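Each chain, letter by letter, is given below.
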Amino acid sequence: MEYSKHEVKELKRELSLLDKLLTPLIFVAMGLGVALGYFAPGVTKIIANMQVGTTSIPIAIGLILMMYPPLAKVKYEEMGKVFNKPKLLILSLVQNWIVGPVLMFVLAIVFLRNYPEYMIGVILVGLARCIAMVIVWNELAGGDREFAIGLVAFNALFQVLFYAAYIFIFITVGLNWLGLTKGLNVSISMVEAAKTVFFYLGIPFLAGVLTRITFIKLKGKKWYDDVFLPRISPVTLIALLFTIIVMFSLKGQYIIQLPLDVVRIAIPLVIYFFVMWFATFFIDRKMKINYGQTTAVSFTAASNDFELAIAVAVAIFGISSNQAFATVIGPLIEVPILICLVNVALYLKRKIF
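What counts, and at which threshold
Residues numbered from 1 in each chain as written. Predicted model: local features only at pLDDT ≥ 70, side-chain atom pairs only at ≥ 80, totals over all residues. Heavy atoms only, no water. Salt bridge = Lys/Arg side-chain N within 4 Å of Asp/Glu carboxyl O. Helix = DSSP H or I, 4+ residues; strand = E, 2+ residues; numbered from the N terminus. Buried < 20%, exposed > 50% of the residue type's maximum accessible area, 1.4 Å probe, protein only. Contact = heavy atoms within 4.5 Å. Patch = residues over 30% accessible without salt bridge, like charges linked within 9 Å, V, L, I, M, F, W, Y side chains within 5 Å. Areas by Shrake-Rupley, 256 points an atom, 1.4 Å probe, with all protein chains shown as cover. Core = buried A, V, L, I, M, F, W, Y, C linked by side-chain atoms within 4.5 Å. Phe/Tyr/Trp six-rings, centres within 6.5 Å; stacked < 30°, edge-to-face > 60°.

1. Side note on the pattern of salt bridges
Link 1 in the chain: In total, this model carries three salt bridges according to the counting rule given.
Link 2 in the chain: Between Asp226 and Lys222 there is a salt bridge, with the nearest N and O atoms lying 2.9 Å from each other. With Asp226 and Lys222 both in helix H9 (residues 221-249) and four residues apart, this pair spans about one turn of that helix.
Link 3 in the chain: Look at Lys222 and you get exposed, because its relative accessible area is 63%.

2. Brief notes about the side chain of Thr327
Link 1 in the chain: Considering the arrangement of structural elements, one finds Thr327 in helix H13 (residues 322-351).
Link 2 in the chain: With a relative accessible area of 0%, Thr327 lands in the buried category.
Link 3 in the chain: Discounting chain neighbours no more than four positions away, the residues touching Thr327 are Gly121, Leu124, Val125, Ala309, Ile310 and Ala313.

3. Quick notes on a nonpolar patch on the surface
Link 1 in the chain: On the surface, Ile90, Val94, Ile98, Val99, Val102, Val106, Val110, Phe111, Leu260, Val263 and Ile267 cluster together to form a nonpolar patch covering roughly 870 Å² of accessible area.
Link 2 in the chain: Counting only elements with at least two residues in the nonpolar patch, the list comes to helix H4 (86-112) and helix H10 (258-286).
Link 3 in the chain: For the nonpolar patch, the element with the highest residue contribution is H4, accounting for eight residues.
Link 4 in the chain: Tracing the backbone through its elements, the reader meets Val263 in helix H10.
Link 5 in the chain: For Val263, a relative accessible area of 46% puts it in the partly exposed group.

4. A closer look at the side chain of Asn96
Link 1 in the chain: Tracing the sequence through the fold places Asn96 in helix H4.
Link 2 in the chain: Since its relative accessible area comes to 0%, Asn96 is described here as buried.
Link 3 in the chain: Setting aside residues no more than four positions away along its own chain, Asn96 makes contact with Pro101, Arg129, Asn155, Thr300 and Ala301.

5. Description of the nonpolar core
Link 1 in the chain: The biggest cluster of nonpolar side chains holds 96 residues, and the ones touching the most others in it are Ile123, Trp137, Tyr163, Leu175, Leu269 and Phe299.
Link 2 in the chain: Top contributing element to this core by residue count: H13, with 16 residues.
Link 3 in the chain: Residues Val82, Phe147, Leu151 and Ala296 belong to the second largest nonpolar core, which totals eleven residues.

6. What to know about the environment of Ile135
Link 1 in the chain: Of note, Ile135 is situated in helix H6 (residues 133-140).
Link 2 in the chain: Classification of Ile135 as partly exposed rests on a relative accessible area of 23%.
Link 3 in the chain: Through-space distance from the C-alpha of Ile135 to that of Val152 is 7.9 Å; in sequence the pair is 17 residues apart.

7. Looking at the packing of aromatic side chains
Link 1 in the chain: In total, this model carries 21 aromatic pairs according to the counting rule given.
Link 2 in the chain: Here Trp97 and Phe158 contribute two aromatic rings whose centre-to-centre distance is 5.8 Å and whose plane-to-plane angle is 35 degrees, an arrangement assigned as tilted. Here Trp97, found in helix H4, pairs with Phe158, found in helix H7 (residues 145-178); they are 61 residues apart in sequence, far enough to count as distant.
Link 3 in the chain: The partly exposed category is assigned to Phe158, whose relative accessible area is 21%.
Link 4 in the chain: Plain terms: the ring middles of Phe154 and Phe158 are 6.2 Å apart, the flat faces sit at 50 degrees to each other, and that makes the pair tilted.

Dropping the structure here:
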């Protein structure tokens, strides 16, 4: 689809707003978490003790709320449109569910094999395909909106069906087979992973689908898109920031090591985002795909569902774990990198298409 000059101007304004707010807010949340753990350890202890078994009740609520708005936004009814481009659909599925997970697995091993807990956290990020922010990146770059929505709907369903199996294959089987766990008890069963995925993805997924069907039927699609979705959208950011604050409040003792650890975790993530985006973009270009669909497939391939990765890492390894810490670095790195790639896409649109 094409955008008018006015629409492009509005998209750039929105891009500027994201650039100014999202990444700094994540840094602020990290700082608040550290300050809370240092100056009010009693509050952190109370939050940590509010749990059933290994599940922290406040965090569980926060993570489910974080996942709900993106899943309520997915236009599942438009999935069929991607079947009009079978080659592109196959390319997208291969990039998202074979190339992406394998690439992140390899990068995590290469750069973090001496830090196995961080390595596992980064792999969890790579296994979670994006179902939310990719729509924003595609919109800002002037990509094909309907095609991107169809791909996102596919990824949402694949996520529900296969994420647990991928965790078992790549982490329990893959890392143990390669002998890279260094004494860690990394044995996540399919049942355990499936339970976690259902709890943190299945519940908001069902809630999102039911919400969409019910409210569109009762109130109409225009009300749902223009009134309801803008009202629930901030919930994701608020829940994400809440999770980060709590996690960093429990990691205060490691704060001196934090800058170097962030750099270690960031290196494979940065390489991953650039390689996935540019490789997909130029493969599409070689296939003579138009700009809109090329952009949609590229951002879908390069983006990750860090909300799900955080939720699963917290549920399986604990909120104070290094695995969970590594997943939190995901949005910190992804947001500025993808904003950069939006500008690259707009530049290539003028130069190539």
